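# Summary of the model geometry
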Amino acid sequence: QVQLVESGGGLVQAGGSLRLSCTASKGTFSAYVMSWFRQAPGNDREFVGTITGLGMYTRYADSVKGRFTISRDNAKNTVYLQMNSLNPEDTAVYYCAARRPGVDTSDYWGQGTQVTVSS
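Reading the values: the criteria
- Residues numbered from 1 in each chain as written.
- Predicted model: local features only at pLDDT ≥ 70, side-chain atom pairs only at ≥ 80, totals over all residues.
- Heavy atoms only, no water.
- Helix = DSSP H or I, 4+ residues; strand = E, 2+ residues; numbered from the N terminus.
- Contact = heavy atoms within 4.5 Å.
- Pairing = 2+ DSSP bridges.
- Axes fitted to C-alpha atoms, helices over the stretch in contact; angles between N-to-C directions.
- Patch = residues over 30% accessible without salt bridge, like charges linked within 9 Å, V, L, I, M, F, W, Y side chains within 5 Å.
- Areas by Shrake-Rupley, 256 points an atom, 1.4 Å probe, with all protein chains shown as cover.
- Salt bridge = Lys/Arg side-chain N within 4 Å of Asp/Glu carboxyl O.
- Phe/Tyr/Trp six-rings, centres within 6.5 Å; stacked < 30°, edge-to-face > 60°.
- Lys NZ or Arg CZ within 6 Å of the ring centre and 35° of its normal.
- Buried < 20%, exposed > 50% of the residue type's maximum accessible area, 1.4 Å probe, protein only.
- Disulfide = S-S within 2.5 Å.

Another aspect to go through is the side chain of N77. Take N77: it is sitting in the loop between β7 (68-73) and β8 (78-83). Excluding residues that lie within four positions of it along the chain, N77 makes contacts with C22, T23, A24, S25, K26, G27 and F29.

Structure follows, in structure tokens:
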């Protein structure tokens, strides 16, 4: 089964930028639709964005649209989340998720990486 590992989280000041990475252990990475979610303490896990297998289509939550960008490098089995203009409301644990449409009955999840934005 595919294993996902997030990295790149940390502490950043408001207005700053951070790039998260999510690397899959193996597989035909281009077969997976990759998504980013986040969860702040006391909140439900919320959708951040999605990128299709070849990176041709992306979709973002309204809360991050224009500030965050998803990209992927299938040769490296990696999906990225570039986060700009961060604010304290972006503080959360960020998770990547993978699913092969028509194959997987549920998402595979990484362990998450903490992003903290200070004011």
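Having put the structure on the table, let's press on.
Strand pairing in a sheet relies on backbone hydrogen bonds. The paired strands run either parallel or antiparallel. Overall, antiparallel pairing links the 4 strands, which are arranged β1-β3-β8-β7 in an open sheet. The outermost strands of the open sheet, each flanked by one partner alone, are β1 (4-7) and β7. Each adjacent strand pair in this sheet contributes to an overall mean axis angle of 15°, direction not counted. In this sheet, strand β3 (residues 18-24) lies alongside β1 in antiparallel orientation, the contact comprising 4 bridges. Across the sheet, the residue bridging to V5 is T23, located in β3.

Side chains of L54, M56 and Y57 sit close together on the surface and give an oily, nonpolar patch of about 420 Å² of accessible area. Mapping M56 onto the fold places it in the loop between β5 (46-51) and β6 (58-60).

All chains considered together, the criterion is met by 3 aromatic pairs. Of the aromatic side chains, those joined through ring pairs into one cluster are F37, F47, Y95 and W109. Taking NZ or CZ as reference, R45 lies 3.8 Å from the ring centre of Y95, over its face.

Let us look at unusual backbone geometry. Despite not being glycine, N77 has its phi angle at roughly 55°, a positive value. Judged by relative accessible area, which is 15%, N77 ranks as buried. Its identity is not glycine, yet S85 carries a phi of approximately 50°, on the positive side. Exposure remark for S85: the relative accessible area of 43% places this residue in the partly exposed category.

Attention now moves to the state of the cysteines. In the structure shown here, the tally under the stated rule is 1 disulfide. Here C22 pairs with C96 through a disulfide, and the sulfurs are 1.9 Å apart. The sign of the S-S torsion, about 50°, decides the handedness of the disulfide formed by C22 and C96: right-handed. With C22 in strand β3 and C96 in strand β9 (residues 92-99), the pair connects residues that are 74 residues apart, well separated along the chain. On the accessibility criterion, C22 (0% relative accessible area) is buried.

Moving on: the side chain of T78. Along the chain, T78 falls in strand β8. Once residues lying within four places of it in the same chain are set aside, the contact partners of T78 are S21, C22, T23, F29, R72 and D73.

Further remarks concern the pattern of salt bridges. Applying the stated criterion to the full structure yields 6 salt bridges. E46 is the partner of R38 in a salt bridge, and the nearest nitrogen-oxygen pair spans 2.7 Å. We note a salt bridge from R99 to D107, for which the minimum N-O separation is 2.7 Å. Given a relative accessible area of 33%, R99 falls into the partly exposed group. By relative accessible area, D107 is classed as partly exposed at 23%.

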